[in-house]
Structure formats: C-alpha cells, structure tokens
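Structure at a glance
Below are the chains, spelled out letter by letter.
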Amino acid sequence: MKKVLATLALASMFISCTQEEEKKQPNVLVIYADDLGYGDVSAYGQGTLNTPNIDALAANGVRFTNAYATSATCSPSRYALLTGQYPWKNERAKILAGDAPMLIDSASYTMADMFKSQGYQTSVVGKWHLGLGNGSINWNEDISVTPNDIGFDYSYIMAATNDRTPTVFVDNRRVDNLSADDSLFVSYKENFEGEPTAISNPELMTKMKWHHGHNQSVHNGVPRIGYMKGGKSALWVDEDMADHFLDIAKGQIDKSTESEKPFFMYYALHEPHVPRVPHQRFVGKSGLGPRGDAILEADWCVGEIMKHLESKGLLENTLVVFSSDNGPVLNDGYFDEAVEKLGDHTPAGVLRGGKYSLFEAGTKIPLIVSWKGKVKPSVSDAMVCQLDLASSFATLIGAKSDFEDSKNFIDTFLGESEVGRENLVLEATGRLSYRKGDLAYIPRYKGNAVNKQVNIEVGVSEDEQLYDIKNDPGQQNDIFKKQADTGNSLKEEFEKATEG
Ligand code: NG6
Ligand code: CA
C-alpha cells in the first residue's frame, strides 16, 4: 500500500511537473515588415520619422544594431527565415511572380513544423510571397500547396505582394470571399481578352500611376504586375488591408488562448512595400507622403497587437521579434512622392545602398526582441541574422534543431550574451557578399553600379571591395587594396563558404 501511494505521489508530481513545463512554453510572435529600412524606425536614432510603438518594443527589449536579413529582397529572406537554409542554395529563391509554385518543399522541416512538433498552434497572417500550388493554380478550387503544407495550422495570406495579381486573400486553401459565379483567372504571360490594363485604360489609375513596371491589370485605382480577370467579390481594398490582417491576427491569438496551446504566429505586415495605400486615418500624418504614412500604419499595427497581447495577459509569456525582410527603397515603381516628400528623413540611416543592394542597407535591418519580464532592455551590437531564429527558437522550446544553416544564438537574441555570428553570406538579386567581424567583402561583379529605376547603388564594381563597417558604417572607404592580405583571406573564406 505504501509503495502504491508513493508511486501515486511520484506520478502526480511528474504530471504537475510536465503541466508546469507545458505552461512555460512561451508564445512566439514574429512581426515582419516589408522593405522597412534601418533608419525608418526612430529607436535607431537615424531618420526623422516617429515610430512610437516599435520604439516601445525596443525600449522594453533588445535592440540589435548589427542584424541582417539574408537577402536584399523579399522571397529569399522569407525563405531563409522559415527554412533556416541560405536562400542562394535554392536557385528558385528569387523574387517570385504572383502565380509561382511554392518555393519551400513540403517535405522540409520548417520553423512552423518545429513549433508544431512541440504542440504549438502555428499561423501565418499577411504577406506570403513564397509561392503557392505546384505548377498551375486554379484559383477557384482548393489550392493544392499552401502554408498549411509546410507546418502552419492556419494561414491567411496575400498570395504574393500588394503590387502583384491576384489582389485577393487566400484563407487556408481557398480564395477568401470568392463567389462561385465569378471565377478568378490570373496570368503572368498574357492579358485576358477584353480586359483593361494601365496601358489601354490609363484613366483607371485614379489612385496611383506606374513609374516602371506595374502597368498591367488595374485594381482599386492602382496598376499592378500581372494580369487578372474576374473574382470581383474577392478583390481586396488596399486601404483596409492593415486592419483586416490585424483583426485576423488578433483572432488567432484569441483562438490559441481558448485552446490553451502556446502559439507561434508569423505576422507579415505589407508595409511599406509598394503600392503604399494606407487607410485614410494615416493619410498625410507623416508629412513624408504615402511611404511615411504606410510606416505609421505598420507602427500602429505593432501597437495594437501588443495591446491585444496585454489585454489577454500574454505579455509575460510571449516572445516578440520585430524585423524587416530587406532594406528600404523610395521609388519602387509608382509615382507616390516617396522621393519628393522625403525631406531630411533617411530610410537607410547612415548606411549605403538600399533594397536590391550588396551594400549594408540592402540587408542590415531593424531587429528587436522583446519579452516582458524575461528580456532586459538593452542594445546589442552582436552580428545576428534572421537565418538563426529557427535554431534559436528550437533551443528555446526544446525542439529538434535540424536546420542546415541556422545556428543557435538564443542567448544573444534574449540579450544574455554578446556572442554573435562569426560570418555571414548575404545575397542581393542573385549576387553574394560576405560579412566577418567588422568587415564586409564584396566580390567583383559585372553590371551596373546603380539600379537606375530605383536609384540605388547595388554594390556592383569591377574591383573587389572591402569595408570596415565599424569605423565606416556608410562604406565610403574601400580598403581592399590597402589591406590586400585581409581582403584575400576573406575572399578565400567566402569562396569556400559558397562553393558547390
Ligand atoms: C520588383 C518590382 C518591385 C517589387 C519587387 C519585389 C518592378 C519593376 N519592380 O520586380 O516593385 O515588387 O519586385 O519586392 O516590377 S519584394 O520586397 O517583394 O522583394
Ligand atoms: Ca520586401
């Protein structure tokens, strides 16, 4: 009898321990902006725009001054974030069309799979841009491959970008709000007979005109990339997009609270990517035109989602990461006054280049980690990369860390260590560069030094380049020739890291 009682007592201790353990699993919320620059967040002390809600996250968390996306464009950075693999290892990891097939192999182990394996409720809300389906998509039926096939229990996404067709949301496997008697068709090859475009019917561009690209189908007064026909009931209203995604994201948080499961949510904001069409509430508020207004809208969303967590009593149990997929761009294809109304604001801060660039501003982005009661407010200069979030989260929650290039730096992300990555390979529109310690090495490339359409220096030169970014963060002094030995040893390391 005694033995039985002792066993029972032990068993109940064990049960309460495991329940206790389960309770401790923190929620993880990744808020990921689109094309937000290092200088666009006022906590970084560089530009003139005020982002009070993101700043509040920084004031309560760790603000990283030396953080990178893997790439200077969207799809590759997102690919790396979710797979923990360098995107240049997958030749399809480039800016995708709106009807491109899913970039991530359903059989691969993703960040979402990792959370799911530990009993998390996983969701993605917002911009996707990692492809859908497995070749050709019938937008009027269940879509065969969606985020739900790579570890997300729930997905509510814009298929690609806000400047690409189809301008609809996909709810798990279905186009949301699509009516059966008005089918939706999408093409990136040719227009549908009789359908207007920005070229044939420029009068349809009531809200914004195209500057380069973006002259195909027109929806909501805004011309887009790609052709589209039908599906009227499902077409989004750009002005309402932020509110819509926010509502869905809040709803998912509520759902996980009810289910008592911890959650992992990838909340992918669409701002300030083009077309910048924020809600009327934000129009004119930044003084910088639509780009600045869109950033204020994104900042507001950050504040609202944090308020929601607080109202649910979840702040102490939720790790929040805020970052951006690539650096800033002003004119990315529309006449939207981003250049004209910039004033003294510096979206890239002191950094050189921008979106699409091998220079620092292409990939060095704001990154903030906040977790009330767990993370002490601080500023970290450690070199960190979004690529390493997968393994770091895995370590945090005790999951398998089976990611090819993702390394565990959870202590650094939580502000408990200053040890960062020793080196990092970065990518910009298919070209690669190398970071190590305080140095940035850019190999020789053929091509134009400036992408004239967007007016950004892309880092291409017939000379190899080496910069000491600690003393020269704006990359004004190429020291390759002066420090040829160091330059050549970095080059060797870079070639070794990227061979094959
Ligand atoms: C480019 C688009 C640009 C933007 C970018 C993707 C043109 C001329 N330019 O091809 O406007 O959509 O793709 O941006 O079409 S990203 O942030 O999603 O990578
Ligand atoms: Ca982007």
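Described in the following lines is the structure provided in the data block.

So, about the overall build of the protein chain. The helix and strand inventory of the protein chain stands at 10 helices and 24 strands. In summary, the protein chain has a C-alpha radius of gyration of 23 Å against a globular reference of 23 Å for 500 residues, a match within 12%. For the protein chain, the spread of C-alpha atoms along the three principal axes comes to 90 × 70 × 45 Å. Split into buried and exposed, the 500 residues of the protein chain put 59% on the buried side. For the protein chain, the proportion of contacts with a sequence separation of at least 24, taken over those separated by at least 6, is 72%. Carbon together with sulfur atoms contributes 49% to the accessible area of the protein chain, which is approximately 20,400 Å² in total. If the 50 positive side-chain charges of the protein chain are averaged to one point and the 69 negative ones to another, these points end up 3 Å apart.

Time to look at the coordination of the calcium ion (ligand 2). The calcium ion (ligand 2) binds to the protein through Asp-34 (OD), Asp-35 (OD), Asp-325 (OD), Asp-325 (OD) and Asn-326 (OD1), with metal-donor distances spanning 2.2 to 2.8 Å. Relative to the metal, the six donor atoms surrounding the calcium ion (ligand 2) lie at angles of 51 to 173°, and the coordination shape comes out irregular.

Once that is clear, we can look at the sheet that holds strand 21 (residues 439-442). Taken in spatial order, the four strands of this open sheet run 19-20-21-24, and their pairing is antiparallel. Of all strands in the sheet, those bounded by a partner on one side alone are strand 19 (423-428) and strand 24 (465-468). Strand-to-strand, the axes of this sheet are offset by a mean angle of 20°, without reference to chain direction. Along the sheet, helix 10 (residues 484-498) contacts strand 19, strand 20 (431-436), strand 21 and strand 24; its crossing angle with strand 20, the most-contacted strand, is approximately 120°.

Of the strand pairs in this sheet, strand 19 and strand 20 are connected by six bridges, and their pairing is antiparallel. The residue bridging Glu-427 from the neighbouring strand is Leu-432, located in strand 20. From the end of strand 19 to the start of strand 20, which pair antiparallel, there are two residues, and Thr-429 there has a positive phi angle of about 40°. Between the antiparallel neighbours strand 20 and strand 21 lie two residues, among them Gly-437 with a positive phi of about 55°.

Bringing the sheet that holds strand 16 (residues 367-370) into the picture now. Spatially, 10 strands are ordered 7-6-5-4-13-1-14-16-2-17 in an open sheet, and the strand pairing comes out mixed. A strand with exactly one partner marks an edge of an open sheet, and here the two such strands are strand 7 (174-175) and strand 17 (378-380). For strand 1 (residues 27-33) and strand 14 (residues 318-324), the ladder comprises seven bridges, and the chain directions are parallel. Residue pairing in the sheet places Val-28 in a bridge with Leu-319 of strand 14. Of the strands in this sheet, strand 1 and strand 14 are in contact with helix 8 (residues 389-397), which crosses strand 14 at around 175°.

So, how was this worked out
Sequence order sets the numbering: in each chain, residues are counted from 1 along the sequence as written. For this description, chains carry letters from A and ligands carry numbers from 1, given in the order in which they are written. Local features in a predicted model are, by the rule used here, given only for residues with pLDDT of at least 70; side-chain atom pairs are given and counted only at 80 or more, and totals for whole chains, interfaces and linings are based on all residues. Neither water nor hydrogens contribute to the side-chain values; these are computed over all heavy atoms in the structure. Helix and strand assignments follow DSSP, with helices taken as H or I runs no shorter than four residues and strands as E runs no shorter than two, numbered in order from the N terminus. Atoms counted for the radius of gyration: C-alpha only. Globule rule: 2.2 Å times the number of residues to the power 0.38. For every residue, the accessible area (1.4 Å probe, protein chains only) is compared with the maximum for its type, and the residue is labelled buried under 20%, exposed over 50%, or partly exposed between those bounds. Contact definition: two residues touch when any of their heavy atoms are within 4.5 Å. The accessible surface values rely on the Shrake-Rupley method and a 1.4 Å probe; as for residues, cover is taken only from the protein chains in view. None of His or the chain ends enter the tally, which takes Lys and Arg as positive and Asp and Glu as negative. Charge positions are represented by NZ for Lys, CZ for Arg, CG for Asp and CD for Glu. Coordinating donors are taken to be N, O and S atoms lying within 2.8 Å of the metal, or within 3.2 Å when the metal is Na, K or Ca; because water is excluded from the atom set, some sites may appear incomplete. In these descriptions, tetrahedral denotes four donors with every angle between 85 and 135 degrees, square planar four donors and octahedral six donors with opposite donors over 155 degrees apart and the rest between 65 and 115, and irregular any other case. In this description, strands pair whenever DSSP reports at least two bridges between them. Here an axis means a line fitted to C-alpha atoms, over the contact stretch when the element is a helix, while the angle between two N-to-C directions is reported on a 0 to 180 degree scale.

By themselves, these figures tell us nothing about what the structure is for.
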